[in-house]
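Chain by chain, the residues run as shown.
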Amino acid sequence: MARFPKPAEGSWTEHYPELGTAPVSYEDSTSPEYYEREREAVFKRAWLNVGRVEQLPRVGSYFTRELAVANAAVIVVRGRDGEVRAFHNICRHRGNKLVWNDFPREETQGVCRQFTCKYHGWRYDLDGALNFVQQEGEFFDLDKAGRGLVPVHCDVWAGFIFVNLAHEPEQSLREFLGPMITDLEGYPFDRMTARFGYRTNIAANWKLFMDAFQEFYHAPVLHAKQSPEKYSSLAQQAGFEAPHYRIEGPHRLVSTSGVRFWEMDTELVKPMEIVTRSGLFGPWDQVDLGEMPPGVNPARCDPWGLDSFQLFPNFVILLWSQGWYLTYHYWPTSHNTHVFEGSVYFLPATSVRARIAQEMAAVTFKEFALQDANTLEATQIGIESGYVTDFLLNDQEVLCRHLHKEVADWVAADGAPVEVRR
Amino acid sequence: MTALLPAEFADLEPFAAKWCLPSEPERYGMRLASSMDEMHAFYDAITPRAEAAMTYLEQYELHDLPEDAINLLHLIYSMIMVSFPVEAWGQPRVPDTGSASFDNVIEPMP
């Protein structure tokens, strides 16, 4: 018996009939050829989040991003007019990477008045204009006005900086995000600047880690030992059900119900959670973030736990009811590897106890994420062997089904028919 | 030897040199490099003192802590770090995470 009502069709999956209910092959996560198609059809066409405006606090603040999946290196900079712009990180003279320190493949950040190429000293203004050429008179027919840095389409939504590597994006950022995402405007992302950031290399296809964090069917089992035995066994008996799933355009949402740990019997919580009044769901003493925008907890779940917004293709914003949020980014580096970046954001703590509660939440997040990370390599090994070629997805895994279909649709739309089975 | 912690927490001084670590990578590294006996001893000593330590620290603004109080705060962060091996895992590393890592690259200070 379902704890939460399902759509009239009988299941979340059948509510979105284009998804089907058949087994899937995961060939899209093991094929080097398919990965090459994704690079062109998805990562060179979709809007990609590369950071937040707080990383560019003043005029001349910049950071670089290595977007290996799109074979691109990008400079993101705040100009004299305050606008955030992005450029290909390539000197127009002979192609040297313009901004880097020590290692040309590593990302960097800083503040500058202009960009100067290390090789022959060509200089570019913060708006990309070429404004100095060493021994300019030696060149032939040099038109400096036409030799500025090559711009990358760049736009900002709710303080999140996005780039699009297409020659001409098919949609504006706002159209691409759609109302399910833009209804989060007004959430105080700009004030939540206390950040714990993590990064790791994962030996699995990027979509497999997205799958791991867009279903919670695994939670009572994989994470059982994170909780006292009494809690784990109750959680495992109950299983996981989400009260709400939503798919809109290329993006996805799962909302979960909340758990009031602070009202529970002490046998059900870990001693350190009681000491710090914090844990996986965040600090127990909820911070007041003010009135929430309509996009937060859109199904009005009560008690509400979290909203995990899965933004196509590789970006997640996860809002916890306790007044903090996470972001995840999955940056593919090959068909079976990717770099994962996770960040935890809080309002800056104003008291020692609030800061300690944040520490507990962040450390707990890492303990869980380590468990999630290691299963991915094990899954990649299994599906890559090719001995088993069809795999089952249940109704709580509806969002996994949608991601793989959405990627396939983008790949199909970009050119030759897709040859792999989903 | 000069005390690292406020005089009121002299009983925790034996753990201070090892566990007053300012960053998550240092604390996580020390956890992996420590035995369960060491972590149990530290956990058993500090947990009953945690409430008193937090009350003591509350007399200061978070961003205006004297050095011995910062050390005490870092010791509390290490208490959180070792609580996972002690309360959940029975070993320093999260089980089944032999090839997984999760490197902290930025954290609020203090």
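Residues numbered from 1 in each chain as written. Chains lettered and ligands numbered in written order. Predicted model: local features only at pLDDT ≥ 70, side-chain atom pairs only at ≥ 80, totals over all residues.

Student: What is the right way to read the overall build of chain B from this model?
Tutor: Secondary structure summary: chain B contains 5 helices and 1 strand in total. Relative to the 2.2 N^0.38 estimate, which gives 13 Å for 110 residues, the radius of gyration of chain B is 14 Å and therefore close to what a compact globule would have. C-alpha atoms of chain B, sized along the principal axes, occupy 40 × 30 × 25 Å. (Helix = DSSP H or I, 4+ residues; strand = E, 2+ residues; numbered from the N terminus. Rg over C-alpha atoms; globule rule 2.2 N^0.38 Å.)

Student: What exactly am I supposed to notice about the overall build of chain A here?
Tutor: Counting its secondary structure elements, chain A contains 9 helices and 17 strands. Taken over C-alpha atoms, the radius of gyration comes to 23 Å for chain A, in line with the 22 Å a tight globule of 422 residues would show. For chain A, the share of sequence-separated contacts (at least 6 apart) that also reach a separation of at least 24 residues comes to 65%. (Contact = placed C-beta atoms within 7 Å.)

Student: How do you make sense of the interface of chain B and chain A when you look at a structure like this?
Tutor: A common measure of how large an interface is: the accessible area buried when the components associate. Contacts between the two partners involve 28 residues from chain B, matched on the other side by 32 residues from chain A. With 9 residues, the top contributor of residues to the side of chain B that touches chain A is helix H5 (residues 67–89) of chain B. Its residues assigned to classes, the side of chain B that touches chain A comprises 17 nonpolar, 6 polar and 5 charged. For strand S11 (residues 194–202) of chain A and strand S1 (residues 103–106) of chain B, the ladder comprises 3 bridges, and the chain directions are antiparallel. Bridge assignment links Gly-197 of chain A to a residue of S1 of chain B, and that residue is Ile-106 of chain B. (Nonpolar A, V, L, I, M, F, W, Y, C, P; charged D, E, K, R; others polar. Pairing = 2+ DSSP bridges.)

Student: What is the right way to read the sheet that holds strand S17 (residues 337–346) of chain A from this model?
Tutor: Strands in a sheet are paired, the pairing made by backbone hydrogen bonds, and the direction either parallel or antiparallel. Strand order in this open sheet of 8 strands is S12(A)-S13(A)-S14(A)-S15(A)-S16(A)-S17(A)-S11(A)-S1(B), and the pairing throughout is antiparallel. Sheet topology places strand S12 (244–248) of chain A together with S1 of chain B at the edges, where each strand pairs with a single neighbour. Taking the axes of each pair of neighbouring strands and ignoring which way they run, one obtains an average angle of 15 degrees across the sheet. Where strand S13 (residues 251–257) of chain A meets strand S14 (residues 304–311) of chain A, 6 bridges bridge the pair, whose relative direction is antiparallel. Directly across from Ser-255 of chain A, in S14 of chain A, lies its bridge partner Asp-307 of chain A. Along the sheet, helix H3 (residues 173–182) of chain A makes contact with S12, S13 and S14 of chain A, crossing S13 of chain A at roughly 15 degrees. Along the sheet face, helix H4 (residues 206–213) of chain A touches S11, S14, strand S15 (315–320), strand S16 (324–334) and S17 of chain A and points at about 160 degrees away from the line of S16 of chain A. (Axes fitted to C-alpha atoms, helices over the stretch in contact; angles between N-to-C directions.)

Student: I keep staring at the confidence of the model for chain B and nothing clicks. Help me out?
Tutor: For any part of a model where pLDDT is low, the fine detail of the predicted coordinates should not be relied upon. Of the residues in chain B, 99% have a pLDDT of 70 or more, and the chain-wide mean is 96. Both scores are available for the predicted complex, with the pTM at 0.96 and the ipTM at 0.98. (pLDDT = per-residue confidence, 0-100.)

Student: Any chance you could explain unusual backbone geometry here in plain terms?
Tutor: A negative phi angle characterises most non-glycine residues, just as the trans form characterises most peptide bonds. All names here are of chain A. With an omega of 0 degrees, the peptide bond running from Asp-302 to Pro-303 counts as cis. Relative to the assigned elements, Pro-303 resides in the loop between helix H7 (271–276) and S14. A cis amide bond links Phe-312 with the next residue in sequence, Pro-313, at an omega value of -5 degrees. Secondary-structure assignment places Pro-313 in the loop between S14 and S15. Even without glycine at this site, Arg-277 takes up a positive phi of about 50 degrees. Turning to its location among the elements, Arg-277 is positioned in the loop between H7 and S14. One non-glycine residue, Arg-300, lies in the positive phi region at around 55 degrees. With respect to the secondary-structure elements, Arg-300 resides in the loop between H7 and S14.

Student: Please explain helix H9 (residues 398–413) of chain A as it appears in this structure.
Tutor: It helps to recall that an α-helix has 3.6 residues per turn; residues three or four apart then point in one direction. Here H9 of chain A spans 22 Å end to end across 16 residues, near enough to the 22 Å set by a 1.5 Å rise per residue. Packing partners of the buried residues in H9 of chain A comprise helix H1 (12–15), helix H2 (32–43), H4, S12, S13 and S14 of chain A. (Expected span 1.5 Å × (residues − 1).)

Student: Help me understand the nonpolar core in this model?
Tutor: As a rule of thumb, soluble globular proteins bury nonpolar side chains together. Residues and elements named next belong to chain A. Judged by nonpolar contacts, the single largest core of 137 residues is most densely connected at Val-76 and Phe-209. Looking at this core element by element, the count peaks at 14 residues for helix H8 (residues 352–384). When we break this core down by domain, the ones giving at least three residues each are domain 1 (12–42 + 179–413) and domain 2 (48–168). In contact with Phe-209, other than residues within four places in its own chain, are Ile-202, Ala-204, Tyr-330, His-338, Phe-340 and Leu-376. (Core = buried A, V, L, I, M, F, W, Y, C linked by C-beta atoms within 7 Å. Buried ≥ 20, exposed ≤ 12 C-beta atoms within 10 Å, placed from the backbone. Domains from an automatic or database assignment.)

Student: I tried to follow the packing of H4 of chain A against H9 of chain A on my own but got confused; where do I start?
Tutor: Axes are the key here: two packed helices are described by the angle between their axes and the distance separating the axes. All names here are of chain A. The geometry of H4 relative to H9 is characterised by a closest axis approach of 9 Å and an angle of 150 degrees between their N-to-C directions. Comparing the axis directions of H4 and H9 gives the class roughly antiparallel. Handedness of the crossing formed by H4 with H9: right-handed. Each of Lys-207, Met-210 and Asp-211 in H4 lies in contact with H9, whose residues at this interface are Cys-400, Leu-403, His-404 and Val-407. Residue composition of the contact of H4 with H9, by class: 4 nonpolar, 1 polar and 2 charged. (Parallel < 35°, antiparallel > 145°, perpendicular 65-115°, else oblique. Left-handed = near helix turned anticlockwise from the far one by under 90°.)

Student: Sorry, what's going on with the pairing of S13 of chain A here?
Tutor: As a general feature of sheets, a regular strand has side chains that alternate between the two faces. Residues and elements named next belong to chain A. By the criterion of burial, S13 is predominantly enclosed, with 6 of the 7 residues buried. With 5 bridges connecting them, S12 and S13 associate as antiparallel partners. Counterpart to Tyr-245 in the pairing with S13 is Val-254.

Student: How do you make sense of the domain arrangement of chain A when you look at a structure like this?
Tutor: All names here are of chain A. Taken domain by domain, chain A holds domain 1 (12–42 + 179–413) and domain 2 (48–168). Computed over C-alpha atoms only, the centres of domain 1 and domain 2 are separated by 33 Å. The interface of domain 1 with domain 2 comprises 12 residues on the first partner and 8 residues on the second. Considering each element in turn, the side of domain 1 that touches domain 2 owes the most residues, 4 residues, to S16. Broken down by class, the residue content of the side of domain 1 that touches domain 2 amounts to 5 nonpolar, 4 polar and 3 charged.

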